[in-house]
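Each chain, letter by letter, is given below.
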Amino acid sequence: YGGMGLDFSYNIAVAEELGNIHCAGIPMAIGVQVGMATPALTRFGSHELKKQFLVPTIAGDFVACLGVSEAGAGSDVANIKTTAVRKGDEYVINGGKMWITSGSQADWMCLLANTSEGPPHRNKSLICLPMDLPGIHVAKKIDKLGMRSSDTAQIFFEDVRVPSRNLIGEEGKGFTYQMLQFQEERLLGVATALTSLETLIQETIAYTGQRKVFGQSVLQNQTVHFRLAELQTEVELLRSLLHRAVALYVEGKDVTKLASMAKLKAGRLAREVTDSCLQFWGGMGFTSEVLVSRFYRDLRLVSIGGGTDETMLSIICKYMEILPSK
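From a predicted model like this one, the values you see are computed outputs, not experimental measurements.

### Points about the packing of aromatic side chains
What the rule picks out here adds up to four aromatic pairs. Ring geometry for phenylalanine 44 and tyrosine 177: centres 4.0 Å apart, planes at 15°, overall stacked. Highlighted residues: phenylalanine 44 in helix α3 (residues 39-44) and tyrosine 177 in helix α5 (residues 174-210), separated in sequence by 133 residues. An angle of 50° between the planes, with centres 5.3 Å apart, marks the rings of phenylalanine 53 and tryptophan 108 as tilted. Within this pair, whereas phenylalanine 53 is found in helix α4 (residues 47-59), its partner tryptophan 108 is found in strand β4 (residues 108-114), the two being separated by 55 residues in sequence. A relative accessible area of 0% means that tryptophan 108 is categorised as buried. If you follow arginine 86 out to its NZ or CZ, it ends over the ring of tyrosine 91, 5.4 Å from the centre. Above the ring of phenylalanine 182, the side-chain terminus of arginine 186 is found at 4.5 Å from the ring centroid.

Rendered as structure tokens:
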């Protein structure tokens, strides 16, 4: 279908390199294409669906987006309300999606919708939805704290008709497919953030090394160089966790727990590194002229997008068998 036939470790290598882009919205947009909207289609989609949607997406001719989150269901995926009702050889879609990355420019959406009245984990399906169909309304581009170069949209569906052949895999398996899809999204996000954090530490070392306060460079203060050493150590530990998870994933193992741990740590470390480094930049760090202030805003999303820290903790607890039953 136009791909190189390589294993997932190559996706991570590319994601780490994309972290060198000093604008997190760009690797995020690419990440949506390769790790959020297409894994389920690649794994479970029909040959016809792959020819129609996957081939042009890999070629870069189509922009893809992922339609999971809703105003009342972000991390709580099971609680989505959008419906796709089967009528003859079509699905009729009603509802809406929120915080959709690339939503205002996408050619198609990997849509998660309720296709039956059954239990919330078995009544959902993934559908390839062309974004030029009648009844699709891109309500607005959302103004955000960070990732400002990336368009994030609110979208409504009003009696949108899509052929039933656009169903990815089996009906009712959408929740399961999406949970698998999330693992690649989370690992890619960790890889991108890792490189950005390393860049920020190096930029801070360079700046504090030449900035003079009270007759010496800021970097000469033990509290500064010790703190930077701690942060670099944390980044290295996160890299080891990421690479272990990826190696197991390539072997076909379930890495949900490790991916959730890596995502949790990446989000918290993103806050810790950006906050500490911005402090060492002083007043300059509070301006829009320097990279540290941009990363401070952009990387805050790591603890929210693709599942919040709290969701990651719940998943980890579930795998440790210590999550209280409802």
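### Observations regarding the nonpolar core
Counting 42 residues, the largest nonpolar core has Ile12, Leu187, Leu242 and Val273 as its most contacted members. Those elements that place two or more of their residues in this core are α1 (8-18), α5, α6 (222-250), α7 (256-281) and α8 (291-298). Among the elements that take part in this core, α7 stands out by supplying 11 residues, more than any other. Excluding its chain neighbours within four sequence positions, the residues that come into contact with valine 273 are Leu197, Leu200, Ile201 and Leu231. Formed by 24 residues, the second largest nonpolar core is a distinct cluster that contains Leu49, Ala64, Cys110 and Ile168.

### Things to note about the packing of α1 against α5
Taken N-terminus to C-terminus, the directions of α1 and α5 make an angle of 35°; their axes are 7 Å apart at the nearest point. In the packing of α1 onto α5, the handedness of the crossing is right-handed. Contacts between α1 and α5 involve Phe8, Asn11, Ile12, Ala15 and Glu16 on the former and, on the latter, Glu184, Leu187, Leu188, Ala191, Thr192 and Thr195. Residues belonging to the contact of α1 with α5 are distributed by class as follows: six nonpolar, three polar and two charged.

### Structural notes on the side chain of lysine 50
With respect to the element layout, lysine 50 can be found in helix α4. Salt bridges are absent for the buried lysine 50, whose nearest opposite-charge side chain, glutamate 48, sits at 9.6 Å. Reaching out from lysine 50, the side chain makes a polar contact with the backbone oxygen of threonine 42 at a distance of 3.0 Å. Here lysine 50 is in contact with Tyr1, Leu41, Thr42, Gly45 and Val55, once residues within four sequence places are set aside.

### Description of the packing of α5 against α7
At a closest axis distance of 9 Å, the pairing of α5 and α7 adopts a crossing angle of 20°. Comparing their axes, α7 and α5 come out roughly parallel. Classified by chirality, the crossing of α7 by α5 is left-handed. Contact residues: Gln183, Arg186, Leu187, Val190, Leu197, Leu200, Ile201, Glu203, Thr204, Tyr207 and Thr208 in α5; Thr256, Ala259, Ala262, Lys263, Ala266, Leu269, Ala270, Val273, Thr274, Cys277, Phe280 and Trp281 in α7. Residue classes in the contact of α5 with α7 are distributed as 15 nonpolar, five polar and three charged.

### Let's talk about the state of the cysteines
Going through the model one piece at a time under the given rule, you end up with zero disulfides. With no disulfide of its own, cysteine 65 has cysteine 110 as its nearest cysteine by sulfur position, at a separation of 8.9 Å. Cysteine 65 sits in the buried class, given a relative accessible area of 0%. Not engaged in a disulfide, the cysteine cysteine 277 finds its nearest cysteine sulfur in cysteine 23; these two sulfurs lie 19 Å apart. Residue cysteine 277 is classed as buried on the basis of its relative accessible area, which comes to 0%.

### Re the UniProt feature "domain: Acyl-CoA oxidase/dehydrogenase middle" (unreviewed entry) in the protein
Taking the numbering used here, the UniProt-annotated feature "domain: Acyl-CoA oxidase/dehydrogenase middle" (unreviewed entry) corresponds to residues 65-160. Taken end to end, residues 65-160 is 0% helix and 51% strand, and its first and last C-alpha atoms sit 17 Å apart.

### Concerning the environment of alanine 191
Secondary-structure assignment places alanine 191 in helix α5. Sequence separation between alanine 191 and glutamate 158 is 33 residues, and the spatial gap between their C-alpha atoms is 38 Å. Setting aside chain neighbours within four positions, we find alanine 191 in contact with Ile12, Ala15, Glu16 and Leu242.

### Section: the UniProt feature "domain: Acyl-CoA dehydrogenase/oxidase C-terminal" (unreviewed entry) in the protein
In the numbering adopted here, UniProt assigns the feature "domain: Acyl-CoA dehydrogenase/oxidase C-terminal" (unreviewed entry) to residues 172-318. End C-alpha to end C-alpha, residues 172-318 measures 23 Å, and it is 75% helix and 3% strand.

What counts as what
Residues numbered from 1 in each chain as written. Predicted model: local features only at pLDDT ≥ 70, side-chain atom pairs only at ≥ 80, totals over all residues. Heavy atoms only, no water. Phe/Tyr/Trp six-rings, centres within 6.5 Å; stacked < 30°, edge-to-face > 60°. Helix = DSSP H or I, 4+ residues; strand = E, 2+ residues; numbered from the N terminus. Buried < 20%, exposed > 50% of the residue type's maximum accessible area, 1.4 Å probe, protein only. Lys NZ or Arg CZ within 6 Å of the ring centre and 35° of its normal. Core = buried A, V, L, I, M, F, W, Y, C linked by side-chain atoms within 4.5 Å. Contact = heavy atoms within 4.5 Å. Axes fitted to C-alpha atoms, helices over the stretch in contact; angles between N-to-C directions. Left-handed = near helix turned anticlockwise from the far one by under 90°. Nonpolar A, V, L, I, M, F, W, Y, C, P; charged D, E, K, R; others polar. Lys, Arg positive; Asp, Glu negative; His and termini not counted. Salt bridge = Lys/Arg side-chain N within 4 Å of Asp/Glu carboxyl O. Polar contact = N/O pair within 3.5 Å; in protein donor to acceptor, adjacent residues only side chain to side chain. Parallel < 35°, antiparallel > 145°, perpendicular 65-115°, else oblique. Disulfide = S-S within 2.5 Å. UniProt positions renumbered as here; feature names shortened; annotations may be inferred.

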